[in-house]
Amino acid sequence: MEQIETFISQLQNAFYNSTDFVAREIDWPSEPFAVICYYSSLVNKKDVQEQLDVVKFQAVQKGAKWPDSISSSQEEFNLKDAIKYVCAGETLIILLNKNQVVRLNLPDIAHRTPDEPVNELIIRGSHEGLVENFDTNMALIRKRLHIPELVVRQKTIGKNTNTKLHYLYIANKVKKETILEMERRINAIDAEEVYSAGLVGDYLEDSIYSPFPQLLNTERPDRVVANLVEGKVVVLTDISPTAFIAPVTFFSFYQSPDDYNSRVLVGSFYRIVRLLSFFTAIFLPAIYIAVISFHFEVLPLELSQRVKMDVSQIPYRPIIEALILEIIIELIREASIRLPQSLVQTIGIVGGLVVGDVIVSAGLVSNMMVIVVALTAISSFVVPSNELSTSVRILRFPFMFISALFGFFGILIGILTLFIHLLNLKSINQPYFSPVVPFEPSEFKKIFFRVPYYKANVQVTSFQPKGHEEKK
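Residues numbered from 1 in each chain as written. Predicted model: local features only at pLDDT ≥ 70, side-chain atom pairs only at ≥ 80, totals over all residues. Heavy atoms only, no water.

Got a minute to help me understand the overall build of the chain in this structure?
Of regular secondary structure, the chain possesses 17 helices and twelve strands. At 30 Å, the chain has a C-alpha radius of gyration far larger than the 23 Å of a compact globule built from 472 residues. The buried share among the 472 residues of the chain stands at 44%. If you take every contact in the chain between residues at least 6 apart in sequence, the share linking residues at least 24 apart comes to 64%. With the model as given, the accessible surface of the chain reaches about 25700 Å², and the carbon-plus-sulfur share is 59%. (Helix = DSSP H or I, 4+ residues; strand = E, 2+ residues; numbered from the N terminus. Rg over C-alpha atoms; globule rule 2.2 N^0.38 Å. Buried < 20%, exposed > 50% of the residue type's maximum accessible area, 1.4 Å probe, protein only. Contact = heavy atoms within 4.5 Å. Areas by Shrake-Rupley, 256 points an atom, 1.4 Å probe, with all protein chains shown as cover.)

Can you help me understand the sheet that holds strand β8 (residues 216-218) in this one?
Note on sheets: strands pair through backbone hydrogen bonds, and any given pair is parallel or antiparallel. The sheet built from five strands is open, its strands ordered β6-β7-β9-β10-β8 with antiparallel pairing. Looking at strand neighbours, the two that pair on one side only are β6 (150-157) and β8, the edges of this open sheet. Strand-to-strand twist of the sheet, defined as the mean angle between neighbouring strand axes without regard to direction, takes the value 25°. (Pairing = 2+ DSSP bridges. Axes fitted to C-alpha atoms, helices over the stretch in contact; angles between N-to-C directions.)

Help me understand the layout of surface pockets in this model?
Put simply, the largest pocket is a space of about 1100 Å³. Forming the walls of the largest pocket are 29 residues, and the residues nearest its centre are Ala 88, Ile 109, Asn 162, Lys 164 and Asp 238. Looking at the lining of the largest pocket, the elements with two or more residues in it are α3 (79-87), α4 (134-142), β6 and β7 (163-170). It is α3 that contributes the most residues to the lining of the largest pocket, six residues altogether. Here the lining of the largest pocket is composed, by residue class, of ten nonpolar, ten polar and nine charged. Its boundaries defined by the atoms lining it, the second largest pocket holds a volume of some 900 Å³. What lines the second largest pocket is a set of 29 residues, among which Glu 230, Lys 232, Thr 249, Ser 252 and Glu 443 lie closest to the centre. When residues of the lining of the second largest pocket are traced back to their parent elements, those giving at least two are β12 (430-431) and α16 (441-448). Broken down by element, the lining of the second largest pocket gets its largest block of residues, three residues, from α16. Residue classes in the lining of the second largest pocket are distributed as 13 nonpolar, seven polar and nine charged. (1 Å grid on protein atoms, 1.4 Å probe; cavity = no way out; pocket = protein on both sides within 12 Å on 5 of 7 lines; lining within 4 Å. Points joined across faces, edges and corners; volume = space filled by probe spheres on them. Nonpolar A, V, L, I, M, F, W, Y, C, P; charged D, E, K, R; others polar.)

Looking at this model, I keep getting lost on the side chain of Thr 242. Mind explaining?
Tracing the chain through its elements places Thr 242 in the loop between β9 (233-237) and β10 (243-246). Classification of Thr 242 by relative accessible area gives buried; the value is 16%. Setting aside chain neighbours within four positions, we find Thr 242 in contact with Asn 217, Thr 218, Glu 219, Val 235 and Leu 236.

Can you walk me through the state of the cysteines in this structure?
By definition, a disulfide links the sulfur atoms of two cysteine residues through a covalent bond. In total, this model carries zero disulfides according to the counting rule given. Not engaged in a disulfide, the cysteine Cys 37 finds its nearest cysteine sulfur in Cys 87; these two sulfurs lie 10 Å apart. (Disulfide = S-S within 2.5 Å.)

What is the right way to read the sheet that holds strand β4 (residues 91-95) from this model?
Taking strand neighbours across the sheet as the criterion, the five strands line up as β1-β2-β4-β5-β3 in an open arrangement whose pairing is antiparallel. Both outer strands of the open sheet, β1 (21-25) and β3 (75-76), are each paired with one neighbouring strand and no more. Packed onto the sheet, helix α1 (residues 2-14) meets β1, β2 (34-39) and β4 and runs at close to 170° relative to β1. Each of β1, β2, β3, β4 and β5 (100-104) is contacted by α3, which is oriented at about 45° to β2, the strand it contacts most.

Just to check I follow, could you spell out the packing of helix α9 (residues 264-293) against helix α15 (residues 408-424) for this structure?
Two quantities define a packed helix pair, namely the angle between the axes and the distance from one axis to the other. Closest axis-to-axis distance for the α9/α15 pair is 9 Å, and the angle between their directions is 155°. Taken as axis vectors, α9 and α15 run roughly antiparallel relative to one another. Between α9 and α15 lies a crossing of right-handed hand. Contact residues: Phe 278, Phe 279, Phe 283, Ala 286, Ile 287, Ala 290 and Val 291 in α9; Phe 408, Ile 411, Ile 415, Leu 418 and Phe 419 in α15. Grouping the amino acids of the contact of α9 with α15 by side-chain chemistry returns twelve nonpolar, no polar and no charged. (Parallel < 35°, antiparallel > 145°, perpendicular 65-115°, else oblique. Left-handed = near helix turned anticlockwise from the far one by under 90°.)

Got a minute to help me understand the nonpolar core in this structure?
Here is a general trend for soluble globular proteins: nonpolar side chains tend to be buried in one another's company. Among the nonpolar cores identified, the biggest contains 42 residues, and Ile 141, Phe 212, Leu 228 and Phe 250 are the most heavily contacted of them. Once residues lying within four places of it in the same chain are set aside, the contact partners of Phe 250 are Phe 212, Phe 278, Leu 388, Leu 422, Tyr 432 and Phe 433. Counting residues in hydrophobic clusters, the runner-up holds 23 residues, among them Tyr 288, Val 365, Met 369 and Val 373. (Core = buried A, V, L, I, M, F, W, Y, C linked by side-chain atoms within 4.5 Å.)

Could you clarify how one ought to interpret the pattern of salt bridges in this entry?
Two side chains with opposite charge may pair up if their charged atoms get near one another. Counted according to the given criterion, the structure contains 20 salt bridges. Between Asp 222 and Arg 220 there is a salt bridge, with its nearest N and O atoms 3.1 Å apart. Taken individually, Asp 222 and Arg 220 each receive the classification buried, so the pair is uniform in this respect. For the salt bridge of Glu 326 with Arg 396, the shortest nitrogen-to-oxygen distance reads 3.0 Å. You can see Glu 326 sitting in helix α11 (residues 318-338) and its partner Arg 396 sitting in helix α14 (residues 386-406), a full 70 residues away along the chain. The exposure class assigned to Glu 326 is buried, which follows from its relative accessible area of 1%. With relative accessibility at 0%, the residue Arg 396 sits in the buried group. Taken together, the shared-partner salt bridges connect Glu 181, Arg 184, Arg 185 and Asp 206 into one network. (Salt bridge = Lys/Arg side-chain N within 4 Å of Asp/Glu carboxyl O.)

Below you can see the structure in the form of structure tokens.
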């Protein structure tokens, strides 16, 4: 009795006497000293007791031998390994005299239901979302892909957290060099703790200081499947519902599941609208500042007179106007994210009143600047990817400054610099600006148009079914 109490005390010390760690003596056939241990926060006590009764019954039936159902769990007891197993959600039965352990894998880790992600809402199509549980996520993916070519690989990262990372691909679709490069980057992850999906993304991206994301983030299983069948690699962790998809191009971020759930013309129209929003979100404030500061002559006479009257009432330059409004818009956006859902509408109303009426009446900004910044903000929210939407909002600030200094010439230099950067950017060593550079004519049209799933046949000249005339 003293021996088993000492052993339980050693176990408790090994787990720093945590209140959710359970270690107690149990009865085991033909074994005088047996201890069960687990984290109560990671398992269901009822499931543990039921499985324990089954294991004991099978052991009795086989003459106190290891039951067949758990033969694979029989191994020599080692305290270091036991700590790792318990921390992973396993239940251990330790037989002291034999120095052996039975592992029962009965984790009951809390996670959300697969509801639709709030940051990727769509009108038509699936309304399921990934969660913080790999088995659930794989069930959602395999439900859509009934093929053995869907390969799943696992790696443990983080010396202290032992985070499970999985990467998926379809064997007969993906390029071999893409898999090799992805595996090289995953193996290069050398961190003590991995508690954020963003840390994984930093290791996988080609250029972490670029304003453009080189990994497509999504929480939608249908979007994951659509990219898998295109030959891409998907990376998942057990700590986040976010899936990383690579390699991707710049134009991948402007595609939405709604494009393919809608009719061809509708999907193509809204894809073009999104692409146009990129130019509006980045260049519209810069163009307005350049016109007001240097190039009034490009405006029609009637409009230029009205704009001059409006601007003449403002005591400072247009760049200051734009900065005031842009900062207010960003503050409202950030506040709407951080505040409780019940207060979001209030913030929207207050922000609308401040930006739309009071700030103009106070003479801080002109009416035209309010229109320009509002249109710019709306355009930046059209992007289906939150990462690229954030990048677009950041990029318009340097364009605003360079247009205030050099007018249209500054904007032209900025555009040239921007496109040179896009042409040199890569995602898992694949061209980021493909199919524009390198130019691929067959793929280029897919940037703007949603291609039909099949080519429609020519409609017959009569709606009468075949053989109708013969029956007459």
